[in-house]
Amino acid sequence: MIKVIHKDGVFKAKGSFSFGIAGVYRNEDFDGEEIMYDEDLLDEIQNRDQFFVEPLLPFIKSDDPNEIAENLAEYYNQKEREIAANAKQINDCILYRLFADMEACSYPFWEISEAVLPGYLEKHSRDDYYDVVYCHDDDGIDSMSDYFEDKPNNGTIEKPDVEAMIRKLYPMFNLDGFIKSFAPECLYFDGRRMSFQFSDSWGAQLACGAYDELDENFTFTDWHNH
C-alpha cells in the first residue's frame, strides 16, 4: 500500500507496492525513487486527457493537487489488489516473456551454476546440451504467444499454465531459485500505464533490466530485457 502527496510540482509515493514475481517496490519516504510518478500526470488529469487518465477519472474528485494525490493513492492501491487477484496470469506473462527470450537465442543457461538442478545434464556431453535442452521445435514457450501478446491479464481470458509448462520443458532449470533471485529496481506510474523493472541476482543477463509497461487491464505492451 502506498500514500501519495503532491510536492515540488510532482506526485511522490511512500510505502510499498507488490507486483507479483517482479517484486515488492518500496519507498521508505516521499523522496524515494523506487516508486515514481510521471511529472506531467497532474496536467494530464486536470486536462482530462482521455487516453492517459480515463481509468483514473472516476476516482478524481477535484482539481486540487493535494486531493488528487489522495485519489491516486486510492486508484493505485486498488490496482495493487487487482494485481494480487490476477497474480497467476501476470506472473505467467512475465515468465513467458523471459523464457521466450531464452528460447529465441538458445541461451546457454547451463553456464550459470545457480541455474541447473543436479541430476539432469550430467549424463550428457556438454557438446549435446543445446540439442538436449532446446529440443521442443514448435512446442516451446513461444507457442503460447497468442495468449499473452497484446492480451489482458485481468482474468477475462482463460490462459495456459506457463509455469507448469516451463517445469515440464526445462526440468533441469532451477526455476524456484531464478524467481527468488529477482530484485526490483523501479516502478513507474503514468496514468493508465504502469511499468516495472527488475533484474535477477545471478549476474548473467537472464533477467537484466527486465522491463514492461502495462495498461489498466494488465496487458503487457513494451517488453525489454537487456
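Residues numbered from 1 in each chain as written. Predicted model: local features only at pLDDT ≥ 70, side-chain atom pairs only at ≥ 80, totals over all residues. Heavy atoms only, no water.

J.: An account of the packing of aromatic side chains is requested, with residue identities and associated values reported.
T.: In this description, an aromatic ring pair is defined by two values, namely the gap between the centres and the angle between the planes. Evaluated as defined, the whole model comprises 29 aromatic pairs. For the pair Phe-17 and Phe-19, a centre-to-centre distance of 6.1 Å together with 40° between the ring planes defines the contact as tilted. Residue Phe-17 is classed as buried on the basis of its relative accessible area, which comes to 0%. By relative accessible area, which is 0% here, Phe-19 ends up buried. (Phe/Tyr/Trp six-rings, centres within 6.5 Å; stacked < 30°, edge-to-face > 60°. Buried < 20%, exposed > 50% of the residue type's maximum accessible area, 1.4 Å probe, protein only.)

J.: So what about the pattern of salt bridges? Which residues, and what values?
T.: This model, assessed by the stated rule, comprises 12 salt bridges. Arg-97 serves as the salt-bridge partner of Asp-212, at 3.2 Å between the closest nitrogen and oxygen. Note that Asp-212 is positioned in strand S7 (residues 210-214) and Arg-97 in helix H4 (residues 87-104), a separation of 115 residues in sequence. An identical accessibility class is assigned to Asp-212 and Arg-97; each is buried. Among the charged side chains, a network of salt bridges with common partners joins Lys-88, Asp-92, Asp-161, Glu-163, Arg-167 and Asp-176. (Salt bridge = Lys/Arg side-chain N within 4 Å of Asp/Glu carboxyl O. Helix = DSSP H or I, 4+ residues; strand = E, 2+ residues; numbered from the N terminus.)

J.: An account of the nonpolar core is requested, with residue identities and associated values reported.
T.: Within the largest apolar cluster, 69 residues are counted, with the highest numbers of intra-cluster contacts made by Phe-19, Phe-99, Phe-109 and Tyr-170. Beyond its immediate stretch of four places on either side in the chain, Phe-109 contacts Met-102, Ala-115, Val-116, Val-133, Tyr-134, Tyr-170, Met-172, Phe-173 and Leu-206. (Core = buried A, V, L, I, M, F, W, Y, C linked by side-chain atoms within 4.5 Å. Contact = heavy atoms within 4.5 Å.)

J.: How would you explain unusual backbone geometry if you had to name every residue and give the values?
T.: The residue Asp-150 is not glycine, and still its phi comes out positive at about 60°. Among the structural elements, Asp-150 can be located in the loop between helix H6 (145-148) and helix H7 (162-169). For Gln-205, which is not a glycine, the phi torsion comes out positive at approximately 70°. Relative to the assigned elements, Gln-205 resides in the loop between strand S6 (193-199) and S7.

J.: Could you give me a rundown of the side chain of Glu-216, with the residues and numbers involved?
T.: Tracing the backbone shows Glu-216 in the segment after S7. Excluding its chain neighbours within four sequence positions, the residues that come into contact with Glu-216 are Pro-55, Tyr-75, Lys-79, Glu-82 and Arg-192.

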